[in-house]
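Listed below, chain by chain, are the residues.
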Amino acid sequence: AGFGQTSDAADCHKCPAGSWSTEGSAECSLCEQGTYSAWTGADACAACPVRTWTEEPGTRACKLCPAGKWTNTARSTLESTCESCFGGSCLPYPRARVTIDTQGLLYEELQPTEQVALRDAFARDIAAAAGVRASSVQNWLGESSSVTIDGDGVSAFVLDLAAGSSAHDLARSTYGEAFQQRLLSSA
């Protein structure tokens, strides 16, 4: 899965970001509208999360709704699904939940010490993107400087966001290519 062949069918390669393939498939397929694949070698494309959209197939990252706008619909394909936030702010409290779709992480195959190191590294990456201390990133159990990694991906709560921060600001930081590269380096 996540591999395709060149036109001469002699060389198998990882599918590029923005595409995917299933086990036994000889070709890579572009991600559909409203989906993306940030990683090479994907065996599926992920739905664009809320706050984002994409109308083009083969996308490696979804586009953010404009500042002051929000969509509660995953897999949005049009910017017009982004609606004005109630009260002008999409982030009414100084905290947020960050969820990152991961594919091919193979977390369960890591040694326990490697799992801890990866959770800590992801927490530092999220903290850097959010502009907070690593201790402001908590996993589902409330443990500081850590994230939760399960079959759905990486999840964490970010506390103590800077005054005036919006969900758009946080999303821009965590959906950008620089953040994706930081996560790849940590993994």
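Please read these numbers as outputs of a predicted model, since none were measured by experiment.

The next point concerns unusual backbone geometry. Glycine aside, negative phi is the norm for most residues, and most peptide bonds take the trans geometry. One non-glycine residue with positive phi stands out, namely Arg 75, at about 65°. Phi at Ser 145 is positive, roughly 60°, even though this residue is not glycine. Tracing the backbone shows Ser 145 in the loop between strand S12 (137-138) and strand S13 (148-150).

Attention now goes to helix H1 (residues 112-130). Between the first and last C-alpha of H1 there are 27 Å, a value that for 19 residues agrees with the 27 Å anticipated at 1.5 Å per step. Those residues of H1 lying buried are Gln 115, Leu 118, Ala 121, Phe 122, Ala 123, Asp 125, Ile 126, Ala 127, Ala 129 and Ala 130. Taken from the residues just after H1, Gly 131 is the one with a positive phi, measuring 75°.

Every buried residue of helix H3 (residues 177-186) is listed here: Phe 179, Gln 180 and Leu 183. One side of H3 carries all its buried residues, which in axial view fall inside an arc of 100°. In H3, the exposed positions angled more than 90 degrees off the buried face are occupied by Ala 178 and Ser 185.

Right, let's talk about the nonpolar core for a bit. Among the nonpolar cores identified, the biggest contains 28 residues, and Ile 126, Val 137 and Val 147 are the most heavily contacted of them. At the level of secondary structure, the elements contributing two or more residues to this core comprise strand S11 (96-100), H1, strand S14 (153-158) and H3. The biggest single contributor to this core is H1, with seven residues. Other than its neighbours up to four places away in sequence, Ile 126 contacts Val 98, Ile 100, Val 137, Val 147, Val 154, Ala 156, Val 158 and Phe 179.

With that out of the way, let us pick up the state of the cysteines. If you walk through the whole model with that rule in mind, you get four disulfides. What pairs with Cys 48 in a disulfide is Cys 62, and their sulfur atoms sit 2.0 Å apart. In this structure the cystine formed by Cys 48 and Cys 62 twists about its S-S bond by roughly -85°; its chirality is therefore left-handed. Here Cys 48, found in the loop between strand S6 (46-47) and strand S7 (52-53), pairs with Cys 62, found in the loop between S7 and strand S8 (63-64); they are 14 residues apart in sequence, far enough to count as distant.

Right, let's talk about the confidence of the model for the protein chain for a bit. Chain-level pLDDT for the protein chain is 81 on average; 85% of the residues reach the 70-or-more range. Considering each helix and strand of the protein chain separately, the mean pLDDT is smallest for strand S1 (residues 3-5), with a value of 52, and largest for strand S4 (residues 29-30), with 95.

What counts, and where the lines are drawn
- Within each chain, residue numbers correspond to sequence positions counted from 1 in written order.
- With pLDDT at 70 or above as the cut-off, local features in this predicted model cover only qualifying residues; side-chain atom pairs require 80 or more to be listed or tallied, and sums for whole chains, interfaces and linings still use all residues.
- The side-chain values count all of the structure's non-hydrogen atoms but skip hydrogen atoms and water molecules.
- Here a helix means four or more residues in a row that DSSP labels H or I, a strand means two or more in a row labelled E, and each is numbered from the N terminus.
- Expected span of a helix: the number of residues minus one, times 1.5 Å.
- Note on exposure labels: buried denotes an accessible area under 20% of the residue type's maximum, exposed denotes more than 50%, and partly exposed covers the range between, all computed with a 1.4 Å probe on protein chains only.
- Of all possible arcs, the one meant is that of the directions from the helix axis to the C-beta atoms.
- By nonpolar core is meant a set of buried Ala, Val, Leu, Ile, Met, Phe, Trp, Tyr and Cys residues that side-chain atoms within 4.5 Å join together.
- Contact definition: two residues touch when any of their heavy atoms are within 4.5 Å.
- Disulfide: a pair of cysteine sulfur atoms within 2.5 Å of each other.
- Note: pLDDT gives the predictor's confidence per residue, expressed from 0 to 100.

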